[in-house]
Number of protein chains: 2
Amino acid sequence: MSEYLSVDASGRASSSDVHTLSAQPTPSSKSTLQQQREAALRKPQYLKREPLVFFIMRLNLKAVLLLLTVAVMVITLGIYMRCAAFSFSPDFVRQLSRRQAFETLSSSAAGQDLASTPLQDIECAINQEYSIHCKRDENANEVYVPFSFLRQYFDVSGAVTTGGSSNDAAKFNWMHSNAKVNLPKGKYDPRGVFMYFENYNVEVRDRVKCISAAEGVPVSTQWEKHGYFYPTQIAQFALAHYSKNLTEQTPRIHILEDADGNQMDWNTPKTSNMTRIWHHKFNTSIVQFETTIGYESAISIQLNQTQDLVLSVDLLLVTNSSSLMVTVLNRDTKHSYNLHYLAAELLLSVQESNIYYGLGAGSLNKWRHITRDLHIDLQKGIVMGDKRSPLKVRRSDLEVLSIAFLGIGFYDNITLSTSDHLAHFYDAAEWFVHNQDIKTGGWTNPVRRSLNGFAELRPGWISAMGQGHAISVLARAYWHSGGDTRYLKAASLGLQPYRIYSRDGGVLAQFMDKYYWYEEYPTTPASYVLNGFIYSLLGLYDLNSTAPGKIAREAGKLFAQGMHSLKKMLLLYDTGSGTSYDLRHLSLGVAPNLARWDYHATHVNQLLLLATIDSDPLIAQTAERWKGYMFGKRAKHN
Amino acid sequence: MSEYLSVDASGRASSSDVHTLSAQPTPSSKSTLQQQREAALRKPQYLKREPLVFFIMRLNLKAVLLLLTVAVMVITLGIYMRCAAFSFSPDFVRQLSRRQAFETLSSSAAGQDLASTPLQDIECAINQEYSIHCKRDENANEVYVPFSFLRQYFDVSGAVTTGGSSNDAAKFNWMHSNAKVNLPKGKYDPRGVFMYFENYNVEVRDRVKCISAAEGVPVSTQWEKHGYFYPTQIAQFALAHYSKNLTEQTPRIHILEDADGNQMDWNTPKTSNMTRIWHHKFNTSIVQFETTIGYESAISIQLNQTQDLVLSVDLLLVTNSSSLMVTVLNRDTKHSYNLHYLAAELLLSVQESNIYYGLGAGSLNKWRHITRDLHIDLQKGIVMGDKRSPLKVRRSDLEVLSIAFLGIGFYDNITLSTSDHLAHFYDAAEWFVHNQDIKTGGWTNPVRRSLNGFAELRPGWISAMGQGHAISVLARAYWHSGGDTRYLKAASLGLQPYRIYSRDGGVLAQFMDKYYWYEEYPTTPASYVLNGFIYSLLGLYDLNSTAPGKIAREAGKLFAQGMHSLKKMLLLYDTGSGTSYDLRHLSLGVAPNLARWDYHATHVNQLLLLATIDSDPLIAQTAERWKGYMFGKRAKHN
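Since the structure is predicted, the reported quantities are computational estimates derived from the model, not experimental observations.

*Asks:* Which parts of the structure should I look at to understand the overall build of chain A?
*Replies:* Helix and strand content of chain A: 16 helices and 21 strands. A separation of at least 24 residues holds for 63% of the contacts in chain A among residues at least 6 apart in sequence. For chain A, the accessible area works out to roughly 27,800 Å², and carbon and sulfur atoms hold 53% of it.

Structure, rendered in structure tokens:
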């Protein structure tokens, strides 16, 4: 702080050329009038000693009368001048204000609220266009500008905060940006955490409608409100869970029923039946159940599980009307909900307290291992049921009351865990294996996408970011699974769009006919979105690092080509005080599309990560400079 | 103003989420304590009617005593609370401050200085890096930030101004930039004013050492303190005078002596001689003079000329020791100076009050028409004599006292004028004719030039800006002279460096192997300075518009090529809140070299001019957006 204060002081010193200077008398040069007035403003000393009335009674009445008259006049004059003309006593006021400023900043003692400085109102004419109300401290040659104006004019943020205790002074926190930089913990490892995605929580995002029970992956509503599978989002879901699996504590797993060592006492109504039978093929016991229609016939177990909210189960449903039902209580509202998992072609449906997830029409008579975060399933159902003002449910408020089965089917290995990240990860990896366009190698986006100024992308477009993210998922799945070649094949095929120009259905663009670029949005003309490009490079790096031979070389070649472009083009995004999100200004001849601070932070985070695998000082230096922009630093002007 | 104030209001309304809100009682909910205190603070009404002492004498003394005692107590309490605890009466204070703010803004009545608002001190933590002192109005949920901080943090400027009369309220003028936009008056005409150069005054610049008497053009000290001929500056000198000639009033010309119709009574000492003789070749009379050495032998005329300070004369000096001497008085300091013009190889030399300009060693026995701005010659001499704190001489203070000749020679047509812009223009045009490198077509810069991060340019480098400016001068000289082909030839030859790459001694660069660029500084790698490039284009446009046939076509081809590049590359300079001066960030991988506001304004002015000759909306739209940046507007972020 002392360092800044010296800057402040010099700033004021140099401000003499722009402010109208008023002579500032030194303390010793106080005028007689000022001294008199200060004396008048002092609290009479005798008030401390004895009550005024008794003191008066002992004196000659006329003398007292004269004294009091003079006192009234002096004090009245003092008040009049104090109220109306602080500018008559600059010295006194300045000293007072400085002392109070010092007290405010140098101690956290109570009484800070009492500190007040009289300032004058002054009109501030902004660029000769409009006026705002400012304050002026004429003696300190300072003008004060309201933050409500600055916030809007400069797009900065700030808030008054108070410490925990009432003794803590209020403080105004000026934040040039609200975004956060994530410093890499070491060299980037394609087998490890993906960037800082352990902090991501894809499923809680508003634009995630729910986690499909048929696929175990999120359904997006970002560009199409009915919901669709968005490869980029699915990959982020996978990478977040893969990363969390590496950074979080080992989950607590509670095996409820495996028909072998762990058995529960199932409540079986008269018309229903449940049997533990030996499965020859699986070489393990499983549970067979059969009930009539109606909840009252369900076989069930009662629970009071409060923290382990991730349910997994192996399940085979034989008929359409069969289902798994989990009853969950919100202990805060005392309201309970039934989560139904049905063998139906249904994403999510809600009827009062009943929330239905479909396992897909094709799920009948097939064993499925499903993993459900009951908190997410419940929350998404509540949002679906009341879109306007959905109740926000706290995870810690939930209690699993019962698990039940209806209809005809088999189950095994019912568990409740604190988490099951790898199950989610592999659900997503499987999705990428099964949802790739075999001809193009692309994971297509089934929605229109309109970027301002560009021709609309029609459903079926491919994103280099989605491809790269998917490859990052598949490369990890290939490695983590110990070499499941289905993942490798899908990843390898996913390289194909990197080589095809956007106009031909791929994601490739070329800047100034020179540098190859992988497009997050394969627009015409090219848009050159920076963060999506770098994510596409990370996918290539991941595959290059984990795949064998030829596939690694192919990925490596595309990566090197992209890194070359990145180094040549990176500074195109540098505005000297932030970054631009893309290069549409060059493609369309319009204003630059500046990156908001969280995208700017993403740029910084990406460069910091790249700097751990590429020693070119351009990367690290640019990352540092861009980080500085988040704290108000700017490139120099000439 | 009203438009903004509504924005301000909404800004405050929305600020409730970042400020700690305190309950704000409405005026009607004033506490009894507050009402009492307000009453106590009112000035007693009876004071207005009659002297207090007489009033008291007519009342019962004890009653008066009681009254006064109560008054003292109430007022003392009032002062105590007012001094120590403004926060106890937020309502009263707020109302007071609002009313005063209104008065300040809505009227220019006296008493504005009396307005004061008590604010609290609050610490502002800037980006969690350092702290400054701010003010807080807790009731209005507003924090005030000192401008001394903002000026430095955001590089804005501002100053308190007061109107002419003492009744005018002080006002704070917030200026996002101090630079000025020059709106074109119509379609750019290559035969007319060059941009807005009628406002330029090249010779008064500090970095102009003087106007060479040998050449009649400025000598620069910008990159070499001994002084050198800088083609770009010489061209700006020419273009400024050409433009002033078109925009200023016709000068007043005072012919002192032409040996024919205008003759003066010359003071001729005994040892000297002056004769008017007939010059057969010129077919006019001239003056012949011959004096001994020493000022006292000079032939001279006494004058008291105060406004016409541009001297022109036709002069032929026969011997080294011959000279023209002009004596000028500074009427402010009563000090007089002798300006000597000698037939010597000397730029500028000063000995006390004698200021010497050399006409060049080659000037002996040749007729020279010289045109001198005596004010400039005197001022530059004073600077030369006292570099540390040179006296600044006002033009209006000068008086020409005498003109004298010494040695042996001839003269004719002595005039004093208010200005002689065309003479200066043609002096410069001649310089370009005589100082061109015939082999390369370049006007070389005889100094080193070091641009941070680039290899140093060695003496002899050529600038596309200098070439373009020179061609703009020569094209005008060709047209204005009615077709003097010497000017046309030089201009045509000046196109040559536009076709030669910088590495080969020209000024041509190519961006991304694609777009051709004419370099103000032919650096390796290329620097792509924007304003110099556009000036180089204007030269091409000027020649294309004025030259005949083939030369016009050649210039037109280079112009079209450059405009194509400009349109493709213009947005590379757009930072969303300003412009970059060059593209060194792309060439060197460093921070952008942001254009300071006056260069940014030059960019805007240049685009506005180009928009009058090129209808591509990109030019006009970009100019408008860039103009907005000067008023704090920014491109949107996503």
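*Asks:* What am I meant to see in the state of the cysteines here?
*Replies:* Simply put, disulfide is the name for a covalent bond between the sulfur atoms of two cysteines. All names here are of chain A. Enumeration according to the criterion identifies 2 disulfides over all chains in this entry. Residue pairing for Cys124: its cysteine sulfur links by disulfide to Cys134, the two sulfurs lying 2.3 Å apart. Judged by the torsion about the S-S bond (-130°), the Cys124/Cys134 disulfide is left-handed. Here Cys134 lies in strand S2 (residues 130-137) and Cys124 lies in strand S1 (residues 117-126), a separation of 10 residues in the sequence. Cys134 carries the same exposure label as Cys124, and that label is buried.

*Asks:* Help me out: how do you make sense of the packing of helix H7 (residues 231-247) of chain B against helix H9 (residues 421-434) of chain B in this one?
*Replies:* Geometrically, a packed helix pair is captured by the angle between its two axes and the distance between the axes. Residue and element names in this part refer to chain B. Between H7 and H9, the least distance of the axes is 8 Å, while the angle of their chain directions is 150°. The angle between the axes of H7 and H9 places the two elements in the roughly antiparallel class. Between H7 and H9 the crossing geometry is left-handed. From H7, Pro231, Ile234, Ala235, Phe237, Ala238, His241, Tyr242, Lys244 and Asn245 reach across to H9, where they touch His421, Leu422, His424, Phe425, Ala428, Trp431 and Phe432. A per-class count over the contact of H7 with H9 returns 11 nonpolar, 4 polar and 1 charged.

*Asks:* Quick question: what am I supposed to make of the sheet that holds strand S14 (residues 335-342) of chain B here?
*Replies:* Pairing between sheet strands relies on hydrogen bonds along the backbone, with the strands arranged either parallel or antiparallel. Residues and elements named next belong to chain B. Spatially, 6 strands are ordered S11-S18-S13-S14-S16-S15 in an open sheet, and the strand pairing comes out mixed. Edge positions in the open sheet fall to strand S11 (299-305) and strand S15 (348-351), since each of these has one partner strand only. Sheet twist, expressed as the average angle between the axes of neighbouring strands with direction ignored, equals 20°. The sheet contact formed by S15 and strand S16 (residues 354-358) spans 4 bridges and is antiparallel. Among the inter-strand pairings, Leu348 is bridged to a residue of S16, identified as Tyr357. The strands touched by helix H8 (residues 374-385) within the sheet are strand S13 (323-330), S14, S15, S16 and strand S18 (398-406), with S16 carrying the most contacts at an inclination of about 110°.

*Asks:* Before we go on, may I ask you to explain the nonpolar core in this structure?
*Replies:* In a soluble, globular protein the nonpolar side chains are often hidden away together inside. Counting 182 residues, the largest nonpolar core has Phe511(A), Leu543(A), Leu566(A), Phe511(B), Leu543(B) and Leu566(B) as its most contacted members. Non-local contacts of Phe511(A), meaning those with residues more than four positions away in its chain, are made with Tyr528(A), Met569(A), Leu572(A), Leu583(A), Leu586(A) and Met512(B).

*Asks:* Got a minute to help me understand the pattern of salt bridges in this structure?
*Replies:* Enumeration according to the criterion identifies 46 salt bridges over all chains in this entry. The salt bridge partner of Arg276(A) is Glu257(A), with a shortest N-O separation of 2.8 Å. Here Arg276(A) is found in strand S9 (residues 273-279), whereas its partner Glu257(A) is found in strand S8 (residues 253-257), with 19 residues between them in sequence. Across the pair Glu554(B) and Arg499(B) runs a salt bridge, and its minimum N-O distance is 3.0 Å. One end of the pair, Glu554(B), is in helix H13 (residues 549-569); the other, Arg499(B), is in the loop between helix H11 (485-493) and strand S20 (508-511), with 55 residues separating them in the sequence. On the basis of relative accessibility, which here comes to 40%, the residue Arg499(B) falls in the partly exposed class.

*Asks:* Would you explain the side chain of Asp121(A) in this entry?
*Replies:* Residue and element names in this part refer to chain A. Residue placement: Asp121 occurs in strand S1. With relative accessibility at 3%, the residue Asp121 sits in the buried group. For Asp121, the side chain forms a polar contact with the side chain of Lys135, separated by 2.5 Å.

*Asks:* Any chance you could explain helix H16 (residues 617-629) of chain B here in plain terms?
*Replies:* A turn of α-helix holds 3.6 residues, and therefore any two residues three or four places apart point the same way. All names here are of chain B. With 13 residues, H16 extends 18 Å between its outermost C-alpha atoms, agreeing within 8% with the 18 Å of an ideal straight helix rising 1.5 Å per residue. Turning to H16, its buried residues number three or more, namely Leu618, Ile619, Thr622, Ala623, Arg625, Trp626, Lys627, Gly628 and Tyr629. The inward-facing, buried residues of H16 contact helix H12 (530-546), H13 and helix H15 (597-611). Sitting at the head of H16, Asp616 places a side-chain oxygen 2.9 Å from the backbone nitrogen of Leu618.

*Asks:* Explain the side chain of Thr546(B) here, please?
*Replies:* Residues and elements named next belong to chain B. Inspection of the secondary structure assignment puts Thr546 in helix H12. Among the polar contacts listed, one links the side chain of Thr546 to the backbone oxygen of Asp542, at a separation of 2.7 Å. Residue contacts for Thr546: discarding those within four places in its chain leaves Pro190, Arg191, Ala475, Tyr478 and Trp479.

*Asks:* Explanation requested: H12(B) in the structure shown.
*Replies:* Here H12(B) spans 25 Å end to end across 17 residues, near enough to the 24 Å set by a 1.5 Å rise per residue. Counting buried positions along H12(B) yields 15 of 17 residues, so the element is predominantly enclosed.

*Asks:* Whenever I open this one, the environment of Trp266(A) confuses me. Can you help?
*Replies:* Residue and element names in this part refer to chain A. Note on placement: Trp266 falls in the loop between S8 and S9. A relative accessible area of 7% means that Trp266 is categorised as buried. Counting along the chain gives 35 residues from Trp266 to Ile301, while the straight-line C-alpha distance between them is 5.1 Å. Aside from chain neighbours lying at most four places away, what touches Trp266 is Glu257, Met274, Arg276, Ile299, Ser300, Ile301, Ile403, Phe405, Tyr411 and Ile414.

*Asks:* Help me understand the packing of H9(B) against helix H10 (residues 464-480) of chain B in this model?
*Replies:* Residues and elements named next belong to chain B. Where H9 contacts H10, the axes come no closer than 10 Å and their chain directions differ by 115°. By crossing handedness, the relation of H9 to H10 is classed as left-handed. In this structure, H9 uses Leu422, Phe425, Tyr426, Ala429, Phe432 and Val433 to contact H10, whose residues at the interface are Ala470, Val473, Leu474, Arg476, Ala477 and His480. Residues that form the contact of H9 with H10 fall into these classes: 10 nonpolar, 1 polar and 1 charged.

*Asks:* Mind showing me how you'd approach the sheet that holds strand S15 (residues 348-351) of chain A here?
*Replies:* Residue and element names in this part refer to chain A. Spatially, the 6 strands line up as an open sheet ordered S11-S18-S13-S14-S16-S15, and their pairing is mixed. In this open sheet, the two strands that pair with only one neighbour each are strand S11 (299-305) and S15. Here the strands of the sheet are splayed against their neighbours by 20° on average, with no regard to which way each runs. By the bridge criterion, 8 bridges tie strand S13 (residues 323-330) to strand S18 (residues 398-406) in an arrangement that is antiparallel. Residue Asn330 lies in a different strand from S18, and its bridge partner there is Leu398. With respect to the sheet, helix H8 (residues 374-385) is in contact with S13, strand S14 (335-342), S15, strand S16 (354-358) and S18, its orientation differing from that of S16 by roughly 110°.

*Asks:* I'm lost on the packing of aromatic side chains in this one. Help?
*Replies:* What describes a pair of aromatic rings is the distance from one ring centre to the other and the angle between the planes of the rings. Under the criterion given, the structure shown has 85 aromatic pairs over all chains. Pairing Tyr581(A) with Tyr599(A) gives two aromatic rings, centres 4.7 Å apart and planes at 70°, and the pair type is edge-to-face. Remark: Tyr599(A) occurs in helix H15 (residues 597-611) and Tyr581(A) occurs in the loop between helix H13 (549-569) and helix H14 (584-588); sequence separation between them is 18 residues. On the basis of relative accessibility, which here comes to 24%, the residue Tyr599(A) falls in the partly exposed class. Summarising the aromatic geometry, the rings of Trp367(B) and Phe410(B) are spaced 6.4 Å apart at their centres and angled 45° between planes, so their arrangement reads as tilted. Pair noted here: Trp367(B) is in the loop between S16 and strand S17 (368-373) and Phe410(B) is in strand S19 (residues 408-417), with a separation of 43 residues, a long-range link. A relative accessible area of 18% means that Phe410(B) is categorised as buried.

*Asks:* Would you explain the environment of Tyr153(B) in this entry?
*Replies:* Along the chain, Tyr153(B) turns up in helix H6 (residues 147-154). Relative accessible area serves as the criterion here: at 8%, Tyr153(B) is assigned to the buried category. In this view, Tyr153(B) contacts Trp174(A), His176(A), Phe631(A), Gly632(A), Arg634(A), Ile126(B), Asn127(B) and Tyr130(B); residues no more than four positions away in its chain are not counted.

*Asks:* Just checking my understanding: could you explain the confidence of the model for chain A for this structure?
*Replies:* Should pLDDT be low for a region, the predicted coordinates there are not to be read in detail. Here chain A averages 85 in pLDDT, and 81% of its residues register 70 or above. Taken as a whole, residues 36-58 of chain A scores under 50 in pLDDT and shows 21 contacts with residues more than four places along the chain or in a different chain.

*Asks:* Can you help me understand unusual backbone geometry in this one?
*Replies:* Residues other than glycine predominantly adopt negative phi, and peptide bonds predominantly adopt the trans conformation. All names here are of chain A. Put simply, Thr524 and Pro525 share a cis peptide bond, and its omega is -10°. Mapped onto the fold, Pro525 is located in the loop between strand S21 (515-518) and helix H12 (530-546). The phi dihedral of Asn283 is positive, around 60°, even though this residue is not glycine. Relative accessible area serves as the criterion here: at 55%, Asn283 is assigned to the exposed category.

Criteria and cut-off values
- Residues numbered from 1 in each chain as written.
- Chains lettered and ligands numbered in written order.
- Predicted model: local features only at pLDDT ≥ 70, side-chain atom pairs only at ≥ 80, totals over all residues.
- Heavy atoms only, no water.
- Helix = DSSP H or I, 4+ residues; strand = E, 2+ residues; numbered from the N terminus.
- Contact = heavy atoms within 4.5 Å.
- Areas by Shrake-Rupley, 256 points an atom, 1.4 Å probe, with all protein chains shown as cover.
- Disulfide = S-S within 2.5 Å.
- Buried < 20%, exposed > 50% of the residue type's maximum accessible area, 1.4 Å probe, protein only.
- Axes fitted to C-alpha atoms, helices over the stretch in contact; angles between N-to-C directions.
- Parallel < 35°, antiparallel > 145°, perpendicular 65-115°, else oblique.
- Left-handed = near helix turned anticlockwise from the far one by under 90°.
- Nonpolar A, V, L, I, M, F, W, Y, C, P; charged D, E, K, R; others polar.
- Pairing = 2+ DSSP bridges.
- Core = buried A, V, L, I, M, F, W, Y, C linked by side-chain atoms within 4.5 Å.
- Salt bridge = Lys/Arg side-chain N within 4 Å of Asp/Glu carboxyl O.
- Polar contact = N/O pair within 3.5 Å; in protein donor to acceptor, adjacent residues only side chain to side chain.
- Expected span 1.5 Å × (residues − 1).
- Phe/Tyr/Trp six-rings, centres within 6.5 Å; stacked < 30°, edge-to-face > 60°.
- pLDDT = per-residue confidence, 0-100.

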